[in-house]
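# Coordinate inspection notes
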Protein chains: 2
Amino acid sequence: MNIVITGGAGFLGARLARTLLAQGGFRLNSAAAQPIRSVLLVDRAPAPADLAADARVRSLVGDLNDLLAPGPQGVPAIPTGTDVVYHLAAAVSGECEADFDLGMRSNLAATEALLSACRALGTQPTVVFTSSLAVFGLVHDQPALPPPDVITDLTLPTPQTSYGIQKFIGEQLMADYTRKGFIRGRSVRLMTVSVRPGKPNGAASSFFSGMVREPLAGVRGACPVTPDTLVALASPGNTIAGLVRIGQTSDAEWGPRTALNMPALVTTVGDMAKALGTVAGQAATDLIDWTPDENIRRIVKSWPGRVESARARGLGLTSDPDFETIVRDYIRENPQAITLALPKA
Amino acid sequence: MNIVITGGAGFLGARLARTLLAQGGFRLNSAAAQPIRSVLLVDRAPAPADLAADARVRSLVGDLNDLLAPGPQGVPAIPTGTDVVYHLAAAVSGECEADFDLGMRSNLAATEALLSACRALGTQPTVVFTSSLAVFGLVHDQPALPPPDVITDLTLPTPQTSYGIQKFIGEQLMADYTRKGFIRGRSVRLMTVSVRPGKPNGAASSFFSGMVREPLAGVRGACPVTPDTLVALASPGNTIAGLVRIGQTSDAEWGPRTALNMPALVTTVGDMAKALGTVAGQAATDLIDWTPDENIRRIVKSWPGRVESARARGLGLTSDPDFETIVRDYIRENPQAITLALPKA
């Protein structure tokens with residue numbers, strides 16, 4: 001098995017690579033597991049040191065659109081012999097709102113080029129495309145387009161951000177490339193991933209991690225929305241487990257070529273803060289700045305809170321049990337990032 | 001008012017141009033009518049003689065993608081001062097199934113280039129995009145994606161042809177360009193247009209016209225599907241009336257940025273044949289060849305029959321009353337194409 005991960009040096013990409021490499025084998029289309037021979041991490045940044053030290057890992061550093069352009073030796077990012085592609089690379093929502101052309105290039109043109117390169121292999125590789133909850137844009141002022149009470153796998157997405165539009169277009173391209181037999185497509189809509197370690201990024205959803213991560217590091221974390229804001233989220237570990245499983249589904253298990261909603265823990269920002277307090281004490285919640293930001297609030301308000309994931313559950317995927325567990329997992333997995341004195345367990 | 005029509009020398013494009021020119025004025029965003037100063041017909045073919053003879057008409061002949069590429073004097077197909085664009089040009093469904101790259105270029109890349117050129121004007125032109133009923137692809141073998149009983153403006157499209165995918169992606173691009181304020185977008189899903197005059201084209205739906213047009217010309221016409229096949233159709237005249245009205249809707253009337261379903265007359269192929277018989281006699285229906293074609297049948301079976309058009313009806317658009325009326329209209333509008341001796345009225 002030769003696996004490519006775009007965005008492979010990022011947080012999710014690197015964690016996915018580690019999980020796949022630890023697993024050692026990969027069941028293509030639910031066949032018997034074959035050993036993973038190579039994992040190619042394509043990213044603007046080099047692979048983290050632990051991954052670079054694995055003999056099976058190769059790092060390809062550069063602009064994704066450049067690396068997807070066919071050259072004399074084929075397409076650098078999708079080499080001959082590629083069996084599986086996890087396409088995680090993307091410009092995030094805040095960036096795409098600020099710079100329309102950046103989003104069209106990094107999300108739409110890159111996805112088209114990636115699918116074209118996969119088709120050119122002629123071997124029907126499996127492609128896992130990470131779409132997003134952000135395809136669902138709730139509209140609150142149009143009687144002809146009432147916001148649905150619950151989002152299911154069959155709900156009409158009406159994206160209200162360029163990022164959401166580009167992801168939804170990616171789902172359509174994936175479906176048609178699959179129908180034509182060019183690839184074996186698996187489009188999944190990731191929930192908001194929380195708690196992400198590291199630094200804030202340009203995503204409008206960045207605060208869903210920052211409001212927990214920053215207080216645990218002893219610094220102030222902003223929450224730009226009100227406590228009653230609903231959020232459909234998943235922990236990093238649960239998100240990666242889903243991606244690993246879905247890459248190995250058979251065509252029959254997978255079913256329709258449309259995207260599926262990954263399992264979501266539906267909670268509120270206020271309950272997230274409470275869970276942080278339960279695990280890390282009042283000192284942690286005191287570090288949350290409830291500072292409204294109208295730009296962020298408007299984007300987040302257009303994202304649905306109540307999400308159902310019937311197809312994902314049919315594949316055996318489950319949501320995280322509660323946010324307290326997610327906070328405890330974050331603390332256990334990122335001891336170096338915890339500066340706040342925690343209450344004794 | 002300066003109006004551009006892509007596909008402007010085609011059947012629908014030319015008829016749209018004639019109707020607009022006869023109307024003389026155009027109500028942009030429902031403002032007071034302004035005189036139509038120019039109509040630019042962009043097509044691979046030159047404008048029909050009657051249109052070319054109108055001093056307000058200019059014909060731009062060539063490959064649409066070439067004509068949408070920015071040159072030293074701007075984009076030829078979208079000149080400075082363009083107020084309204086009707087984007088009708090497209091490769092049709094059968095062609096796009098046979099040649100994937102052709103569809104991606106003619107439908108997806110051309111639509112992207114057109115929207116980009118409209119944005120570059122910096123004047124927020126009105127763009128009417130003719131999407132299609134073909135975005136709705138019914139799937140009959142996937143329990144997770146049951147075919148809906150009725151298609152509404154809110155039904156999730158799951159296209160089962162490349163043409164349908166490309167049109168649905170066009171709708172998404174239209175929505176985001178509108179949201180960003182680059183254009184005033186109006187995406188409409190045309191029903192199957194019947195009866196089209198002229199020759200068969202590469203569309204899988206071509207027979208919906210040919211099975212009436214050919215017998216009326218005294219030659220055999222093929223019907224590749226069974227009589228009980230449902231079809232949601234509209235006459236040429238009704239289709240054009242809808243496009244003329246929709247180009248002049250205000251933003252408030254238009255409502256959501258999603259596409260709307262044009263009004264449909266829901267009937268069956270068998271009832272279409274009966275209506276032909278009622279108007280043109282047994283001699284006409286005897287000329288229909290009921291010859292099943294598995295390729296066509298498979299595509300048509302994935303198109304929905306029962307279609308509702310709440311938003312279009314809210315704009316005052318109505319469906320054709322019955323297929324008999326459509327056949328009579330065709331005969332009246334195309335006397336030169338009727339060779340069969342018709343029963344006395």
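Only a predicted model underlies this, so the values are computations on that prediction, with no experimental measurement involved. (Residues numbered from 1 in each chain as written. Chains lettered and ligands numbered in written order. Predicted model: local features only at pLDDT ≥ 70, side-chain atom pairs only at ≥ 80, totals over all residues.)

### Considering the environment of E97(B)
By the element assignment, E97(B) lies in helix α4 (residues 93-98). Excluding anything up to four places from it in sequence, E97(B) contacts T161(B) and S162(B). (Helix = DSSP H or I, 4+ residues; strand = E, 2+ residues; numbered from the N terminus. Contact = placed C-beta atoms within 7 Å.)

### Here we look at the pairing of strand β6 (residues 84-87) of chain A
All names here are of chain A. Residues V84 and Y86 point to one face of β6 and V85 and H87 to the other, with burial holding for every one of them. Two elements, strand β1 (residues 2-6) and β6, share four bridges in a ladder whose sense is parallel. Looking at the pairing, V4 lines up with V85 of β6. Relative to strand β7 (residues 126-132), β6 runs parallel, the two being bridged by four bridges. Directly across from Y86, in β7, lies its bridge partner V128. (Buried ≥ 20, exposed ≤ 12 C-beta atoms within 10 Å, placed from the backbone. Pairing = 2+ DSSP bridges.)

### Digging into the interface of chain B and chain A
Contact with chain B, which involves 23 residues of that partner, is made by 23 residues of chain A. Per-element tally for the side of chain B that touches chain A: the top contributor is helix α6 (residues 162-179) of chain B, with eight residues. Split into classes, the residues belonging to the side of chain B that touches chain A amount to 11 nonpolar, seven polar and five charged. (Nonpolar A, V, L, I, M, F, W, Y, C, P; charged D, E, K, R; others polar.)

### Some details on the environment of A217(B)
All names here are of chain B. With respect to the helices and strands, A217 occurs in the loop between α7 (207-216) and β10 (221-222). You can call A217 partly exposed: it has 18 C-beta atoms within 10 Å. Along the backbone, A217 and Q336 are 119 residues apart, and their C-alpha atoms lie at a distance of 9.1 Å. When near neighbours in sequence (up to four residues on either side) are disregarded, A217 contacts A337, I338 and T339.

### Considerations on the packing of helix α5 (residues 100-121) of chain B against α6(B)
How two helices pack is summed up by the angle between their axes together with the distance between the axes. Residue and element names in this part refer to chain B. Following both chains from N to C, one finds α5 and α6 inclined at 10 degrees, their axes separated by 9 Å at the closest point. When the interaxial angle is binned, α5 and α6 end up roughly parallel. Residue-level contacts link F100, G103, M104, N107, L108, T111, E112, L115 and R119 of α5 to S162, Y163, Q166, K167, I169, G170, L173 and Y177 of α6. Its residues assigned to classes, the contact of α5 with α6 shows eight nonpolar, six polar and three charged. (Axes fitted to C-alpha atoms, helices over the stretch in contact; angles between N-to-C directions. Parallel < 35°, antiparallel > 145°, perpendicular 65-115°, else oblique.)

Scope: geometric values only; no functional claims are made or implied.
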